[in-house]
Every structure is written in structure tokens, then in C-alpha cells.
Amino acid sequence: ILNVEQSPQSLHVQEGDSTNFTCSFPSSNFYALHWYRWETAKSPEALFVMTLNGDEKKKGRISATLNTKEGYSYLYIKGSQPEDSATYLCASGGFKTIFGAGTRLFVKA
Amino acid sequence: KAGVTQTPRYLIKTRGQQVTLSCSPISGHRSVSWYQQTPGQGLQFLFEYFSETQRNKGNFPGRFSGRQFSNSRSEMNVSTLELGDSALYLCASSSTGTGNYGYTFGSGTRLTVV
């Protein structure tokens, strides 16, 4: 059974701060690692899907790295803005994708 | 391209009743996965269907069941509702269900059991 863990559980930052979150997952039988952004009252939206060890992906001010050998991924947000406030979910798996509990980010203007 | 459509958006049911939720995936997507979210919990995997077959199932009691039709639309049924079944139920569609391309989520059905 996959166990995906995310830390921290929540984070409060000031506008302009850079921040990062961690996602840990079992490294055995790795298939793919996803990051999603989930804003209140909306649906989770896919940010990145990574499959290769060492993968780095970037979308605007948000980037992610992947280490499949040690079973972790980092999500970075550079220069946080209030509109970045959301829950960031990571998920691991193939046919049975398992989600972490998420990191709730609050960005204060 | 229409997104993933879940109906109804909100539902209130009484303990002991049963409920059916519906999910229409993105056109061309053959995989539909169902997740439950309760306060303080992450998304808990219920099951995944591909081409009308259940390929994977999470650790939920048999009261939770689902099916998928030939047009890829999926339904989830919960029988003998309990208070603890109150949750947001999300469905997610993908072309293959293998996770290579990520999932597209619906807006969810908020179920309240009283």
C-alpha cells in the first residue's frame, strides 16, 4: 500500500516570499508523481506530472523536482502572490494513484 | 472541450438511504477514478474504471460500488448511508488511467448524511 506524505501541513507566508513543500512517497515500484493545485471551491488542477528521476519542471513561478531513488519531490514557489493561496497536493502511483493530505498555503498581501 | 461533469453538486440524505452519484469524463477519456475527501483527510481512493471494467479498488466497505457505461460515464453508489459517509466525492478522468498525463477532476458532489 502506497503512503504519500506531505509537509508541512500548512504554511503562512508574506507576499514576495519564496517557499517550498515536500512530498515523500515509497520509492519502490514508482510510476509517476503528480502535483495539483486546489483552490477553495474549485477542482484540483494538475500542475506537473513527473516520471523520471531527476526530472525538473517549471510553470511560471512554480517549479518541481523529483528524486525517485530516495522517494521525494519538492515544489517551489518563487515570489509568492496572494493568488497562490491554495492547497497543493502530490500524488504517486499508476493505475491506483494515491494522494497526500496536501499542504495548505496562505499568502498574505 | 467540455470538462469533467459531476452531478448532483450537493446532496442531503438520511442515514440508511442509498445514493447514486454520476460522473461524465472528458470526451475520449476512458478512465474514471473516484475519490472521497473528508475534513482533515486527503483524497482517499475509492476505485478506478477503464472501458467498463473496475481495475483497482481502494479500502472501502462493500457499501461503496460503482460502474462504468460504454460511453465512459461512471456512477458511484453508496448503500445504507452512514453519518461518516458525509464527504466531498470527486471523480477524475484520464485517457489511460496510468497517471502519465495527470488527471482532470470534476467539481465534486458534496454529500451530507443526516
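For the structure, see preceding data.
Given the structure is predicted, the values throughout are model-derived calculations rather than measurements.

**Student:** So what's going on with the overall build of chain B? Residues and values would help.
**Tutor:** A tally of regular secondary structure across chain B gives 0 helices and 11 strands. When the elements of chain B are put in sequence order from the N terminus, they spell out β-β-β-β-β-β-β-β-β-β-β. For chain B, the spread of C-alpha atoms along the three principal axes comes to 35 × 30 × 25 Å. With 114 residues in all, chain B has 51% of them scored as buried. Look at the contacts in chain B between residues 6 or more apart in sequence, and 54% of them connect residues 24 or more apart.

**Student:** So, the environment of Pro 44 of chain A: which residues are in play, and what are the values?
**Tutor:** Along the chain, Pro 44 of chain A turns up in the loop between strand E4 (33-38) and strand E5 (45-50). You can call Pro 44 of chain A buried: its relative accessible area is 5%. As for Pro 44 of chain A and Glu 56 of chain A, which are separated by 12 residues in sequence, their C-alpha atoms are 21 Å apart. Look past the residues within four positions of Pro 44 of chain A in its chain and what remains in contact with it is Tyr 36, Arg 37 and Trp 38 of chain A together with Leu 90 and Phe 105 of chain B.

**Student:** Run through the pairing of strand E9 (residues 86-92) of chain A, naming residues and quoting values.
**Tutor:** All names here are of chain A. Among the 7 residues of E9, 7 are classified as buried, and the element is accordingly described as predominantly covered. By the alternation rule, side chains of E9 split into Ala 86, Tyr 88, Cys 90 and Ser 92 and Thr 87, Leu 89 and Ala 91, which are all buried. Summarising the sheet, E4 and E9 pair through 6 bridges and their orientation is antiparallel. Residue pairing for E9: Tyr 36 is matched across the bridge by Leu 89. Across 3 bridges, the pairing between E9 and strand E11 (residues 103-108) is antiparallel.

**Student:** Residue-level account of the interface of chain A and chain B, with values.
**Tutor:** Interface extent is often summarised as the accessible area lost during association of the parts. Of the residues lining the interface, 20 residues belong to chain A; the matching set on chain B comes to 23 residues. With both chains or domains summed, chain A and chain B bury close to 1,700 Å², and 59% of this area falls on carbon and sulfur atoms. Counting across the interface, chain A meets chain B through 5 residue pairs in polar contact (both at pLDDT 80 or more). Secondary-structure elements contributing two or more residues to the side of chain A that touches chain B are E4, E5 and strand E10 (98-99) of chain A. Among the elements that make up the side of chain A that touches chain B, the one with the highest residue count is E4 of chain A (3 residues). Classifying every residue of the side of chain A that touches chain B by side-chain character gives 13 nonpolar, 6 polar and 1 charged.

**Student:** Kindly report on the sheet that holds strand E8 (residues 74-78) of chain B, identifying the contributing residues and their values.
**Tutor:** Residues and elements named next belong to chain B. One open sheet accounts for 4 strands, arranged E1-E3-E8-E7; its pairing is antiparallel. Edge positions in the sheet fall to strand E1 (5-7) and strand E7 (64-68), since each has one partner strand and no second. Within the sheet, the average angular offset between the axes of one strand and its neighbour, ignoring direction, is 15 degrees. As paired strands, strand E3 (residues 19-24) and E8 are joined by 5 bridges and run antiparallel to one another. Paired with Ser 22 across the strands is Glu 75, a residue of E8.

**Student:** I'd love a proper account of the nonpolar core, names of residues and values included.
**Tutor:** One finds Trp 35 of chain A together with Phe 105 of chain B to be the most contacted residues of the largest nonpolar core, which totals 36 residues. With 5 residues, E9 of chain A is the single largest residue contributor to this core. In terms of nonpolar packing, the next biggest core, distinct from the first, is built from 21 residues, Leu 21, Val 32, Cys 91 and Leu 111 of chain B among them.

**Student:** Give me the pattern of salt bridges: which residues, what numbers.
**Tutor:** Tallying each qualifying case throughout the model produces 8 salt bridges over all chains. One salt bridge in this structure joins Arg 55 of chain B and Glu 48 of chain B, with 2.7 Å as the shortest N-O distance. Classification of Arg 55 of chain B by relative accessible area gives partly exposed; the value is 31%. On the basis of relative accessibility, which here comes to 0%, the residue Glu 48 of chain B falls in the buried class. In this structure, the salt-bridge partner of Glu 75 of chain B is Arg 67 of chain B, at a minimum N-O distance of 3.2 Å. Taking relative accessible area as the criterion, Arg 67 of chain B reaches 47% and is therefore assigned partly exposed. Via salt bridges that share partners, Arg 37, Glu 39 and Lys 42 of chain A belong to a single interconnected network.

Calculation rules
Residues numbered from 1 in each chain as written. Chains lettered and ligands numbered in written order. Predicted model: local features only at pLDDT ≥ 70, side-chain atom pairs only at ≥ 80, totals over all residues. Heavy atoms only, no water. Helix = DSSP H or I, 4+ residues; strand = E, 2+ residues; numbered from the N terminus. Buried < 20%, exposed > 50% of the residue type's maximum accessible area, 1.4 Å probe, protein only. Contact = heavy atoms within 4.5 Å. Pairing = 2+ DSSP bridges. Buried area = accessible area lost by both parts, 1.4 Å probe. Polar contact = N/O pair within 3.5 Å; in protein donor to acceptor, adjacent residues only side chain to side chain. Nonpolar A, V, L, I, M, F, W, Y, C, P; charged D, E, K, R; others polar. Axes fitted to C-alpha atoms, helices over the stretch in contact; angles between N-to-C directions. Core = buried A, V, L, I, M, F, W, Y, C linked by side-chain atoms within 4.5 Å. Salt bridge = Lys/Arg side-chain N within 4 Å of Asp/Glu carboxyl O.

Geometric descriptors of this kind do not, in isolation, establish any biological role.
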